[in-house]
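Structure at a glance
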Amino acid sequence: MKIETVMKIKIVLVVAAIVCVAACERNQQPIGGIASKSATSALFTEKASASIPEGVSYVAAVMPSEVVQELDAATLYQQTCAACHQANGQGIPAAFPPLDNSPYVTSDNVERLAAIIVYGLQGPIVVNGQTYTSVMAPLGAQRNDAELAKIATYIRSSWSNQAAAVDAAVFAAVREKYGSRGMFTIEELGGNES
Ligand code: HEC
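Source: prediction; values computed, not measured.

What to know about the site of the ligand
- Around the ligand, the structure places 28 residues, and the nearest of them are Cys81, Cys84, His85, Gly123 and Met136.
- Note that an oxygen atom of the ligand is positioned 2.5 Å from one of the backbone N or O atoms of Gly123.
- One of the backbone nitrogen or oxygen atoms of Ser134 is found 2.8 Å away from an oxygen atom of the ligand.
- Within the residue set of the shell around the ligand, elements represented by two or more residues are helix H6 (82-85), helix H7 (103-106), helix H8 (110-119), strand S1 (121-127), strand S2 (130-136) and helix H9 (145-156).
- Here the residues of the shell around the ligand sort into 21 nonpolar, 7 polar and no charged.

Concerning the side chain of Ser107
- Relative to the helices and strands, Ser107 is located in the loop between H7 and H8.
- Among the polar contacts listed, one links the side chain of Ser107 to the backbone nitrogen of Asn109, at a separation of 2.8 Å.
- Setting aside anything within four residues of it in sequence, one finds Ser107 in contact with Arg112, Arg156 and Glu193.

Points about the coordination of the iron atom of the ligand
- The coordination sphere of the iron atom of the ligand, as far as protein atoms go, consists of His85 (NE2) and Met136 (SD), spread over 2.0 to 2.2 Å.
- Of note is the iron atom of the ligand, whose 6 donor atoms meet at the metal with angles of 87 to 180 degrees in an arrangement that counts as octahedral. Pair noted here: His85 is in helix H6 and Met136 is in strand S2, with a separation of 51 residues, a long-range link.
- Overall, the relative accessible area of 11% leaves His85 in the buried class.
- Given a relative accessible area of 23%, Met136 falls into the partly exposed group.

Observations concerning the packing of aromatic side chains
- Inspection of the entire model under this criterion finds 6 aromatic pairs.
- Aromatic pair Tyr77 and Trp159: ring centres 5.5 Å apart, planes at 65 degrees, arrangement edge-to-face. In this pair, Tyr77 is assigned in helix H5 (residues 73-80) and Trp159 in the loop between H9 and helix H10 (168-178), connecting sequence segments 82 residues apart.

Quick look at the pairing of S1
- One ladder, built from 7 bridges, connects S1 with S2; its direction is antiparallel. By the bridge assignment, Leu121 is partnered in S2 with Met136.
- Between S1 and S2, which pair antiparallel in sequence order, lie 2 residues; one of them, Asn128, sits at a positive phi of approximately 50 degrees.

Quick notes on the rules
Residues numbered from 1 in each chain as written. Predicted model: local features only at pLDDT ≥ 70, side-chain atom pairs only at ≥ 80, totals over all residues. Heavy atoms only, no water. Near = heavy atom within 4 Å. Polar contact = N/O pair within 3.5 Å; in protein donor to acceptor, adjacent residues only side chain to side chain. Helix = DSSP H or I, 4+ residues; strand = E, 2+ residues; numbered from the N terminus. Nonpolar A, V, L, I, M, F, W, Y, C, P; charged D, E, K, R; others polar. Contact = heavy atoms within 4.5 Å. Donors = N, O, S within 2.8 Å, 3.2 Å for Na, K, Ca; no water. Tetrahedral: all angles 85-135°; square planar, octahedral: opposite > 155°, others 65-115°. Buried < 20%, exposed > 50% of the residue type's maximum accessible area, 1.4 Å probe, protein only. Phe/Tyr/Trp six-rings, centres within 6.5 Å; stacked < 30°, edge-to-face > 60°. Pairing = 2+ DSSP bridges.

As structure tokens, then:
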């Protein structure tokens, strides 16, 4: 047999094989169909997971974002505030002021509390007789009004604090009132609480 003829036969065989697999797939025949289907879905899974950016969990990628972002108040506090003010709300002496038993937290002046959280605070502040001269970066861009209200409500009713809940509308009103601006000093917010 000529080499050319051998090649032609080989090509015909390969084409026949491809057509057969394609036909099996389309007709979903029991044996070949199942085999090629699972091979296809394995390939799909591989592709799908490869397209998920690093650090994003598979669950986060497949679940609707509202479900994933619906965090409870304690978790929001842990993730947004506890690194500095601590899980027990005591802060760290000389560095981070306490939220537990702080008049800035429990006062009826919830607008001031919202302003501190959204825009941050800098310069000296006296909390329960201790002076802190530091900086708290703004958190307004990190969390929406509903989340910030949950956090404010949480810190006002945790540890020894027993103050009323804060509505998301308070945060919306504060953002509306002050717009885009830098950090507050406590003087700009009415001065220190005695
Ligand atoms: C990166 C550290 C850090 C994070 C995170 C942080 N704070 Fe602060 N916070 C501070 C510092 C420092 C001060 C004091 C700033 C100053 O000296 O003017 C402060 C002050 C405050 C005050 C006024 C003083 C007091 O103790 O009552 C409140 C209220 C407050 N923070 C609430 C919060 C809440 C609520 C969160 C989370 C949504 C939060 N902070 C996240 C560092 C932080």
